[in-house]
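A look at the structure
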Amino acid sequence: ETQPDPPEHPANGPYDPYFDFDVIQSKTVLGKVATSLNLNVVWAKKYAGGGTLATNEAIAILKNHLRLAPVRNTRLTEISFNSSDPNEAAKIANAVAGAYQEYRLEKRKQDILKRIQVLTDDYRAEEQVVKTKQETLDQLRRELNVPNSEPTKELLKSNSPSYYQAKQQLQKMV
């Protein structure tokens, strides 16, 4: 039976080999391999007597012939595929490794985008706090007739070019 989609977070950290095994054997990864290598058609004659082979059946066959092993003293996982045809075995093992790599890259990208969104939201919230406080300060200045002591853009550029450039870059990002 094929593993369901992999969990979001490994219980034993990001380099838990058994978590990797679950991910590699998941429908997400093996389904991509079955589809990309067209195993439904390729294996129809061999495993379905020439009939149609469903994707879930191709995934189950993949999983039954797949061998995963941690590489000692590394974070690597050895992926091999048992087949009477060595070319097929190599092609499938490499496809599994590639699909797993794509899965990991996509998950990492999603994680980074979530983190960027959190930082952007935090930045906007802080910006709103600063804006509110600036409005309060401006109101108090007007009420108390205190002159504005804010430096001009030209003064900021000449005295603190790195501050001014960083501020401009942040404004462009938002």
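Above this text you will find the structure in question.
Described below are features of the structure shown in this document. Quick caveat: nothing in here was measured; it's all calculated off a predicted structure.

Re helix 5 (residues 55-65)
Turning to helix 5, its buried residues are Ala-58, Ile-59, Ile-61, Leu-62 and Lys-63. Buried-residue contacts for helix 5 involve helix 2 (27-36), helix 3 (39-42), helix 4 (44-48), strand 1 (66-70), strand 2 (77-81) and helix 6 (86-144).

A closer look at helix 6
Over its 59 residues, helix 6 extends 86 Å from the first C-alpha to the last, a length consistent with the 87 Å expected when each residue adds 1.5 Å. Within the sequence span of helix 6, burial applies to Glu-88, Ala-89, Ile-92, Ala-93, Ala-95, Val-96, Ala-99, Tyr-100, Tyr-103 and Arg-141. Put simply, Asp-85 is the residue that caps the front of helix 6, since its side-chain oxygen is 3.0 Å from the backbone nitrogen of Asn-87. Asn-145, located one to two residues past helix 6, shows a positive phi value of around 55 degrees.

Thoughts on unusual backbone geometry
For Asn-73, which is not glycine, the phi torsion reads 60 degrees and is therefore positive. Residue placement: Asn-73 occurs in the loop between strand 1 and strand 2. Of note, the phi angle at Asn-145 is positive, near 55 degrees, even though the residue is not glycine. Structurally, Asn-145 can be placed in the loop between helix 6 and helix 7 (153-159).

Structural notes on the pattern of salt bridges
For the structure on display, the rule yields six salt bridges. Of the charged contacts, one joins Asp-20 and Arg-104 as a salt bridge, the two residues approaching to 3.5 Å between their closest N and O atoms. Remark: Arg-104 occurs in helix 6 and Asp-20 occurs in helix 1 (residues 17-24); sequence separation between them is 84 residues. Assessed through its relative accessible area of 4%, Asp-20 is described here as buried. Judged by relative accessible area, Arg-104 falls into the partly exposed class, the value being 33%. Among the salt bridges present, the one from Glu-88 reaches Lys-46, with a minimum N-O distance of 3.7 Å.

Brief notes about the packing of aromatic side chains
For the coordinates displayed, the defined rule picks out two aromatic pairs. Arranged with centres 5.4 Å apart and planes meeting at 75 degrees, the rings of Trp-43 and Tyr-47 form a pair that is edge-to-face. Taking the relative accessible area as the measure of exposure, Tyr-47 reaches 34% and is therefore partly exposed. A ring pair is formed by Trp-43 and Phe-81, whose centres lie 6.1 Å apart and whose planes are at 10 degrees; its orientation type is stacked. One end of the pair, Trp-43, is in the loop between helix 3 and helix 4; the other, Phe-81, is in strand 2, with 38 residues separating them in the sequence. You can call Trp-43 buried: its relative accessible area is 1%. Exposure remark for Phe-81: the relative accessible area of 6% places this residue in the buried category. Ring pairs connect the aromatic residues Trp-43, Tyr-47 and Phe-81, which therefore count as one cluster.

A word on the pairing of strand 1
The pairing of strand 1 with strand 2 spans five bridges and is classified as antiparallel. Along strand 2, the bridge assignment pairs Pro-70 with Thr-77. In this structure, the hairpin formed by strand 1 and strand 2 is closed by a connection of six residues, where Asn-73 is found at a positive phi of approximately 60 degrees.

Notes on the environment of Gly-31
For Gly-31, the location among the structural elements is in helix 2. Since its relative accessible area comes to 12%, Gly-31 is described here as buried. Those residues in contact with Gly-31 that sit more than four places away from it in its chain are Ser-26 and Ile-59.

Rules behind the numbers
Residues numbered from 1 in each chain as written. Predicted model: local features only at pLDDT ≥ 70, side-chain atom pairs only at ≥ 80, totals over all residues. Heavy atoms only, no water. Buried < 20%, exposed > 50% of the residue type's maximum accessible area, 1.4 Å probe, protein only. Helix = DSSP H or I, 4+ residues; strand = E, 2+ residues; numbered from the N terminus. Contact = heavy atoms within 4.5 Å. Expected span 1.5 Å × (residues − 1). Polar contact = N/O pair within 3.5 Å; in protein donor to acceptor, adjacent residues only side chain to side chain. Salt bridge = Lys/Arg side-chain N within 4 Å of Asp/Glu carboxyl O. Phe/Tyr/Trp six-rings, centres within 6.5 Å; stacked < 30°, edge-to-face > 60°. Pairing = 2+ DSSP bridges.

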